[in-house]
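# A look at the structure
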Amino acid sequence: MTQGISDKLSQALGATPRKRRAEPAGAPAPVVAGGAADGLALSPASGPLQKLLAGQEPTIAEWPGLASQLARLSAGELLTLNNRLAQTGARIALVGDARLVLYRTADVTVAVDPTRGRIRRAEGTRVELYDGARPAGTMVALDGRITITNGRNVQVWHGRSGQGAENGRLVTIPAAPAVPGEAARQPWGIPPRNQFRLPRYQEGQASAAYVAQVDEAVVRAGGKVVVPADANMPDTDWTNCFSYALTKGTGDLADPFARNAMPRWLQSPMYQLAMRGWGRVADTQRVHPGDLVIYRDEQGAPSHAGVVRAVDETGNPTWIESKFGAWGIYLHRPHDVHPAYGTPADFYRRP
């Protein structure tokens, strides 16, 4: 896919050298030797599993059932399976609490959501989407644009602005319904000085020490650490501000701005806002707790997102909860963010 809006921000906010989570020690009993794994039999007689071990990619029709089984593996069993798959150049990862299954080779990435039956298969610049075994569309990235084709319906999304068009018409976000009898929001005054200072990463510094400094910088700016940064989290589990604010960190396999090898990471918020029923809060409408705030950089592109947690008597937010790149989740004042994020610009209300 195209270079995403938040790529430079992930570099500024956490793209330091990171260790992968330590694998369990020891040599667990192979799950592919005819035994049981957590009550689930995984044997070489299983057709899709046999394909995996032979270095062959399962068919789309085979993935839902196989992914449901793989999602139940323990850490030790997964390690054993990946030791076998290493001979074929493939690897399986279980992503997040929802146990989304990620299959990767040098050429192909397949993400499977067993609970929703959704599949995303990426090869080169082409992505295929499936609902179960049924094709649900294709995506092709070219020259900074992502084109989604589903039957006669064609959408084109621009990687920089996030703006989309459907069958030649701009995709617009509707206005949020007005609240009867509610007073108007008063315009914000002069923005307060940004108190957040991201610590400088020192060459050779341990990742765990650095991310702890990021957490401390939030506290020094008057904020609160909701979920601390985790330097040992595998990159397949990484989620960012857009994903956290819009999908509660689960990601969306149908989103054109999702990273193929990091399915919980969304590089732009605009597809979710336009296609998932969000409404734009007008400048005269008061902001409510639970509303979404979008920050924009100097060029006007969406750069950060957060959830409003508290507002003042003028109808403006006083506290925002957001995720800083690949790092932690923080409660902070609206303007206390990394300078690359710019300033709060737009507000949106959940459907």
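Summary of the structure given here. Just so it is clear, the structure is predicted and the values come from calculations on it, not from any experiment.

Our focus in this paragraph is the pattern of salt bridges. Tallied over the full model, the rule gives 13 salt bridges. Ionic pairing is found between Asp-346 and Arg-280, a salt bridge with its closest N-O pair at 3.0 Å. Of the two residues, Asp-346 sits in strand S21 (residues 343–349) while Arg-280 sits in strand S16 (residues 279–281), which places them 66 residues apart along the sequence. For Asp-346, a relative accessible area of 8% corresponds to the buried category. Judged by its relative accessible area of 29%, Arg-280 falls in the partly exposed class.

Next up on the list: the side chain of Asp-215. Its location among the elements puts Asp-215 in helix H5 (residues 207–220). The side chain of Asp-215 sits in the buried core without any salt bridge; Lys-323 is the nearest counter-charge, 9.5 Å away. Polar contacts involving the side chain of Asp-215 include one to the main-chain amide nitrogen of Ala-229, which spans 3.3 Å. Residues within four places of Asp-215 in sequence aside, it is in contact with Val-225, Pro-228, Ala-229 and Tyr-330.

With five of its seven residues buried, S21 lies for the most part within the structure. As judged from the three bridges shared by S16 and S21, these two strands associate in the antiparallel manner. Bridge pairing links Arg-280 to Tyr-348 in S21.

The next thing to look at is helix H4 (residues 75–85). The element H4 is largely enclosed, with a buried count of eight among its 11 residues. Residues of H4 that are buried include every one of Gly-76, Glu-77, Leu-78, Leu-79, Thr-80, Leu-81, Asn-82 and Leu-85, and no others.

Taken together, the seven strands give an open sheet; going across it, the order is S13-S20-S19-S18-S17-S21-S16, and neighbouring strands pair in antiparallel fashion. Both edges of this open sheet fall to strand S13 (224–227) and S16, since each of them pairs with a single strand only. Each strand of the sheet is rotated relative to its neighbour by a mean of 35 degrees, with strand direction disregarded. As paired elements, strand S19 (residues 317–323) and strand S20 (residues 329–332) share four bridges and run antiparallel to each other. Looking across to S20, one finds that Lys-323 is bridged to Ile-329.

A word on the packing of aromatic side chains. Under the criterion given, the structure shown has nine aromatic pairs. Centre to centre, the rings of Trp-157 and Tyr-271 are 5.3 Å apart; their planes meet at 70 degrees, and the pair counts as edge-to-face. Of this pair, Trp-157 sits in strand S10 (residues 153–158) while Tyr-271 sits in helix H7 (residues 270–275), and the two are 114 residues apart along the sequence. Aromatic pair Phe-324 and Tyr-330: ring centres 5.0 Å apart, planes at 70 degrees, arrangement edge-to-face. For the pair formed by Phe-324 and Tyr-330, the shared burial category is buried. Through a chain of ring-to-ring contacts, three or more aromatic side chains come together here, namely Phe-196, Phe-324, Tyr-330 and Tyr-341.

Calculation rules
- For every chain, the first residue of its written sequence is number 1, and the numbers climb from 1 along that sequence.
- In view of the model being predicted, local features appear only for residues whose pLDDT reaches at least 70, and side-chain atom pairs are presented and counted only at 80 or more, with totals across whole chains, interfaces and linings using the full set of residues.
- Side-chain measures were taken over the full set of non-hydrogen atoms in the model, leaving aside hydrogen atoms and water.
- Here, a salt bridge means any Lys or Arg side-chain nitrogen found within 4 Å of an Asp or Glu carboxyl oxygen.
- Secondary structure counts use DSSP, requiring at least four H or I residues in a row for a helix and at least two E residues in a row for a strand, with both numbered from the N terminus.
- Only protein chains enter the calculation, and the probe is 1.4 Å; a residue is then buried if its accessible area is under 20% of its type maximum, exposed if over 50%, and partly exposed in between.
- Two residue types count as positive, namely Lys and Arg, and two as negative, namely Asp and Glu; His and chain ends fall outside the count.
- For this analysis, a polar contact is any N or O atom pair within 3.5 Å, provided that within protein one partner can donate a hydrogen and the other can accept it, and provided that sequence-adjacent residues contribute only side-chain to side-chain pairs.
- Residue contacts are counted whenever heavy atoms from the two residues lie within 4.5 Å of one another.
- For two strands to pair, DSSP has to find at least two bridges joining them.
- Each axis is a line fitted through C-alpha atoms, taken for helices only over the stretch in contact, and angles between the N-to-C directions span 0 to 180 degrees.
- Centres within 6.5 Å are what make two rings of Phe, Tyr or Trp a pair, Trp counting through its six-membered ring; a difference in plane orientation under 30 degrees is then read as stacked, over 60 as edge-to-face, and the rest as tilted.

Interpretation note: all reported values are geometric properties and have no functional meaning in isolation.
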